[in-house]
Amino acid sequence: MRLIHPNKSLRWIAAAGLLATQWPVAHAQTVNIAKGKAISGFPVVADNPFENIVDGNDATVWYTNPAAPVNYFEVKLGKAYAVDRVLLRGFRGKDTIRISVEKNGSWQEVYNGNQPDKALISFTPVTTEKVRVEYRAKQKTELPEFEVYAHDPQPVFVNQIGYNLFAPKRFTAPLTPDGAAFHVVDAAGKSLFDGTVKGHIGDFTTFKPTQSGPYTVVVDGPQKGTSYPFEVAPYVIERASYRPAMAFMIDDRCWYGNSDAYAPTDKSADCPSLGVAWRDSHQFSFELQSLLALYSANPEAFSVERMPVEGIYTGVRDKLPENTPEIVRLIHWAVDVYLRGQVNHTLLKEQLAYFLYAYPDLSPYIPQKVYAEARDYLFKIWGNENKDRWHWYDLDHSANLFQTYTLVGTGKGQFPPGHSIVPNLMMYEVARRERRNDADAFFKAAFQQTDWLIKNLDWTDPGTTKGQRMNEHVTMEALAYFLKNYPDKAPKGLREKIQAWAKVVISRSDNMWDYRKYVDNKWVIADIKATSDPTYNSKGSFNEPGNIAGFPAPALAAVSVLNDEATKERLRQLATAQMDNVYGRNPTGRHYSYDALTDFEGADLGWFKELEGGAASLQTVRGVLDGSPKEGVYPYDPYSGDPGHTEGWVTFNTAWMAGLAYLAADVTEIQFYDAEFKNRIQQARSGQKIGIRLTAPLNLDPTKSEKAMVVLTDSKGAQNRMTLDEAGTNGVYFQQVIDLAASPVAVSKKGGLRASYGLGDFKKEAVLTIK
């Protein structure tokens, strides 16, 4: 099952064609010039035309049996192009391969050898109208798509999806000198914003159009460079990301949503691959934390009205109400599976702690007996040492969560520093809620663990930051959580420790991509083994989509507790830039998802390849983050466009969801206004009319006016939910006027009123004093 979005609306397609005509060098990095062109070859197979190779559709596959000694196909490009790269998307069954181009009436070989793992084959630009591929087949061959790319002398890389209206907006022009002019132009070719390139970066953050576009960036120079069309809208990133994020978590579940025959053990999760509730998840994918963060940061975005339920949940022991959001169903799925399996690993216990803490907000949907079962099970085993502990992909450690862990995990991501801090603080609050006499033991454990990190973690050692690969976010979220929620009880030096992390991050991000590097002289994590391992490969380059997609979480968690405005501004800029990198502003010019064109609205160019098979069997899963640029392409070398190891993983997607949660939290705001929404207010008279305004990523359908719900609470604790209306059909905020004399919440003359949005640690509140 695929998540189908129109890749481009008619206005996008028309605009792309217009701009391609106006600017001769039109986003060559992203245009497959073989698509739809004339093609021929041998052998000819009935009912299986060669056109399947160039129709732009992976679902139509050209295949042959190895009957002929040499098979071939050739594509006529229609006119001469300076070609420098070809991509054989999903080509299987070949032995050796030879690629030639026609030049001056004869064939010129540009590649001859085994099909390289990198899939993208680059060569010195050569002008041609025809490309030919010959190969020897050792078995049945299959080729979904053949792509050809022209040399781009002035490439311009932007976020394929688009830019949020009030977020940083930057692009990279890696071959453009300082001082070159750039223009943001509309579909008619009119320049609406002008600027200059500095350090190969153009910044158009102050461009805040009233229309969503499409727009393109045009860079001046000896030859003009043109980006592909993109959108600028209030919440275009969330609109393109939330649905595939949920789709992945639906599709990647163990047993595809049917847990009737669930029988996990320490030796086998019976998933069928390693994992408990999600395939290939192991114990360190942090699914519950990430789902709860995303839901808590922006709960209305996941209502059944905005996201109808798609998945099946066969085998779970409880039937949930019809209005239960899919994201809550996924949370319940995991808790039910964990409890039925009596999971007993340190990090899986921690996942259940997040559920216990969040349960009051989930109680309208999930039965109280589920909470009670999780509570009784978890308190019983929280302090267990190694008895019956599960050991998948593990590092040797005690499972006693009251201890201080001095163990720092490897690039595998299985033991990020500080992982136990938030779970212990949550268990502390749950214990207080349950009126247990052991609550202080949980707080003490969290305090001591935080204190150890402050005194012992060296941020200049990449093993404590980006070297944690996709789970770096866990550490900074924990430190910021402690400081934000217990500022007067936090260990000494906590804020300074967070500031020191930000300083290192910023120092390693001063480059044309605004990309946070591994260390000053290396871009990408080298190996997932510990650096002390004799087999550690210091010259390697690993797949790290989760680290990049998840980076907004630690960056914006730090922003939430820091005071230095310059630091906060740069961290916000870098948080957006890493998400831009995921969506195409990177040296490959490609979205991290192989199926980006079908799974992500607005995407133009997907990743080079996807893993065939693999532990999680992700080929039919939507929203997969398959791969990220490796060391060889940085800072900019398109001819070494080797995608390296490519393999999606639930742990990449959960980090991405954490990043999306913190992006939402950072822009969410709720305020009281006067009835005309001209001025913010903190006081009002008991009979006055007032306005309530919520700014949050809830405009997920730009074609209609949507609704949002907030909670109003009076001074006595009485609560009511109030509906706010979107301001316009593509608005930034939601608002409503209420009469305090006839409010749905009774407000006395000396009382007060609170308006809130979000849940748990992500809740945002405004307080109104009633005179």
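Every value quoted in this text rests on a predicted model; they were computed, and no experiment measured them.

### Details of the overall build of the chain
- A tally of helices and strands in the chain yields 15 helices and 23 strands.
- Its C-alpha atoms give the chain principal-axis dimensions of roughly 90 × 65 × 50 Å.
- Here the chain holds 771 residues, and the buried ones make up 62% of them.
- Sequence-distant contacts in the chain: of pairs separated by 6 or more residues, those separated by 24 or more amount to 69%.
- For the chain, the exposed area adds up to about 28,900 Å²; of that, 50% sits on carbon and sulfur atoms.
- Taking the 85 positively charged and 89 negatively charged side chains of the chain as two groups, their mean positions are separated by 4 Å.

### Quick word on the sheet that holds strand β18 (residues 689-695)
- Here we have eight strands laid out as an open sheet, ordered β16-β18-β21-β20-β19-β22-β23-β17, and mixed in their pairing. Looking along the sheet, the strands with just one partner apiece sit at the ends: β16 (669-674) and β17 (683-684).

### What to know about the nonpolar core
- Trp278, Tyr338 and Phe355 are the most contacted members of the largest nonpolar core, which has 180 residues in total.
- Filtering out sequence-adjacent residues up to four positions away, Tyr338 remains in contact with Val276, Ala277, Trp278, Glu287, Leu288, Val343, Leu348, Gln351 and Leu352.

### Considerations on the packing of helix α5 (residues 346-362) against helix α6 (residues 368-381)
- Running from amino to carboxyl end, α5 crosses α6 at an angle of 135°, the nearest separation of the two axes being 10 Å. By the criterion of interaxial angle, the relationship of α5 to α6 is oblique. The hand of the α5/α6 crossing is left-handed. Judged by residue contacts, Lys349, Leu352, Ala353, Phe355, Leu356 and Tyr359 of α5 engage Gln368, Val370, Tyr371, Ala374, Arg375, Tyr377, Leu378 and Ile381 from α6.
- For the contact of α5 with α6, the per-class residue count stands at eleven nonpolar, one polar and two charged.

### Describing the pairing of strand β21 (residues 733-739)
- Of the pairings in the sheet, the one linking β18 to β21 comprises seven bridges and is antiparallel in character. Bridging from a neighbouring strand, Ile692 pairs with Gln736 of β21.
- Relative to β21, strand β20 (residues 719-726) is paired through two bridges, and the arrangement is antiparallel. Note on β21: the bridge partner recorded for Asp725 is Gln735.
- Here β20 folds back onto β21 in antiparallel fashion, the turn holding six residues, of which Gly728 has a positive phi close to 95°.

### Digging into unusual backbone geometry
- Pro214 follows Gly213 through a cis peptide bond whose omega is 15°.
- As for its placement among the helices and strands, Pro214 is situated in the loop between β12 (201-203) and β13 (216-219).
- Cis geometry marks the peptide bond from Tyr634 to Pro635, where omega comes out at -5°.
- Among the structural elements, Pro635 can be located in the loop between α14 (596-599) and α15 (650-667).

### Let's talk about the sheet that holds strand β14 (residues 225-226)
- Strand order in the open sheet formed by four strands is β11-β10-β13-β14, with antiparallel pairing between adjacent strands. Of all strands in the sheet, those with a lone pairing partner are β11 (191-196) and β14, marking the two edges.
- Note that β13 and β14 share two bridges and pair antiparallel. Opposite Val218, over in β14, you have Thr226 as the bridge partner.

### Description of the packing of aromatic side chains
- Inspection of the entire model under this criterion finds 40 aromatic pairs.
- Residues Tyr405 and Phe415 carry aromatic rings whose centres are separated by 5.4 Å and whose planes lie at 80° to one another, so their mutual orientation is edge-to-face. With Tyr405 in the loop between α6 and α7 (421-433) and Phe415 in the loop between α6 and α7, the pair connects residues that are ten residues apart, well separated along the chain. Taken individually, Tyr405 and Phe415 each receive the classification buried, so the pair is uniform in this respect.
- In this structure an aromatic cluster arises from ring pairing among Tyr163, Phe171, Phe182, Phe193, Phe204, Phe207, Tyr215 and Phe230.
- It is Arg132 that lies over the ring of Trp107; its NZ or CZ is 5.7 Å from the centre.

### Observations regarding helix α10 (residues 494-507)
- For α10, built from 14 residues, the straight-helix expectation of 20 Å at 1.5 Å per residue is met to within 8% by its first-to-last C-alpha distance of 20 Å.
- Those residues of α10 not exposed but buried are Leu494, Lys497, Ile498, Trp501, Ala502, Val504 and Val505. Down the axis of α10, the buried side of the element spans an arc of 165°, and every buried residue falls inside it. Seen from the buried face of α10, the exposed residues on the opposite side, beyond 90 degrees, are Glu496 and Lys503.
- The elements touched by buried residues of α10 are α8 (439-456), α9 (472-485), α12 (552-559) and α13 (565-582).

### Things to note about the pattern of salt bridges
- Counted under the stated rule, the structure contains 42 salt bridges.
- Where Arg98 meets Glu134, a salt bridge forms, and the shortest distance between an N and an O atom there is 2.8 Å. Note that Arg98 is positioned in strand β4 (residues 92-103) and Glu134 in strand β6 (residues 120-143), a separation of 36 residues in sequence.
- Under the relative-accessibility criterion, Arg98 is labelled partly exposed at 29%.
- Within the structure, one salt-bridge network assembled from shared partners comprises Glu74, Arg98, Glu109, Lys130, Arg132 and Glu134.

### Some points on helix α3 (residues 287-297)
- Of all eleven residues in α3, eleven are buried; the element is thus mostly enclosed.
- Among the residues of α3, Glu287, Leu288, Gln289, Ser290, Leu291, Leu292, Ala293, Leu294, Tyr295, Ser296 and Ala297 are the ones counted as buried.
- On its buried face, α3 is in contact with α2 (236-251), α4 (326-341), α5, α15 and β22 (752-757).

### Remarks on the environment of Glu612
- Mapped onto the secondary structure, Glu612 falls in the loop between α14 and α15.
- Residue class for Glu612 comes out partly exposed when judged on its relative accessible area of 42%.
- In this structure, the C-alpha to C-alpha distance between Glu612 and Lys466, residues 146 residues apart in sequence, is 27 Å.
- What Glu612 contacts, discounting residues up to four positions off in sequence, is Arg92 and Gln619.

### Thoughts on the environment of Gln414
- Tracing the backbone through its elements, the reader meets Gln414 in the loop between α6 and α7.
- Gln414 sits in the buried class, given a relative accessible area of 6%.
- Considered as a pair, Gln414 and Asn471 are 57 residues apart in the sequence and their alpha carbons are 7.9 Å apart.
- Dropping the residues within four chain positions of it, Gln414 is found in contact with Gln283, Phe284, Leu347, Tyr393 and Leu395.
- Side-chain polar atoms of Gln414 contact the side chain of Thr410, separated by 3.1 Å.

### With respect to the environment of Arg329
- With respect to the secondary-structure elements, Arg329 resides in helix α4.
- Residue class for Arg329 comes out buried when judged on its relative accessible area of 13%.
- Sequence separation between Arg329 and Val219 is 110 residues; the distance between their C-alpha atoms is 48 Å.
- Aside from chain neighbours lying at most four places away, what touches Arg329 is Val309, Tyr313, Leu320, Pro321, Glu322 and Thr324.
- Side-chain polar atoms of Arg329 contact the backbone oxygen of Thr324, separated by 3.1 Å.

Scoring rules and cut-offs
Residues numbered from 1 in each chain as written. Predicted model: local features only at pLDDT ≥ 70, side-chain atom pairs only at ≥ 80, totals over all residues. Heavy atoms only, no water. Helix = DSSP H or I, 4+ residues; strand = E, 2+ residues; numbered from the N terminus. Buried < 20%, exposed > 50% of the residue type's maximum accessible area, 1.4 Å probe, protein only. Contact = heavy atoms within 4.5 Å. Areas by Shrake-Rupley, 256 points an atom, 1.4 Å probe, with all protein chains shown as cover. Lys, Arg positive; Asp, Glu negative; His and termini not counted. Charge placed at Lys NZ, Arg CZ, Asp CG, Glu CD. Pairing = 2+ DSSP bridges. Core = buried A, V, L, I, M, F, W, Y, C linked by side-chain atoms within 4.5 Å. Axes fitted to C-alpha atoms, helices over the stretch in contact; angles between N-to-C directions. Parallel < 35°, antiparallel > 145°, perpendicular 65-115°, else oblique. Left-handed = near helix turned anticlockwise from the far one by under 90°. Nonpolar A, V, L, I, M, F, W, Y, C, P; charged D, E, K, R; others polar. Phe/Tyr/Trp six-rings, centres within 6.5 Å; stacked < 30°, edge-to-face > 60°. Lys NZ or Arg CZ within 6 Å of the ring centre and 35° of its normal. Expected span 1.5 Å × (residues − 1). Arc of directions from axis to C-beta. Salt bridge = Lys/Arg side-chain N within 4 Å of Asp/Glu carboxyl O. Polar contact = N/O pair within 3.5 Å; in protein donor to acceptor, adjacent residues only side chain to side chain.

So yeah, pure geometry; function would need other evidence.
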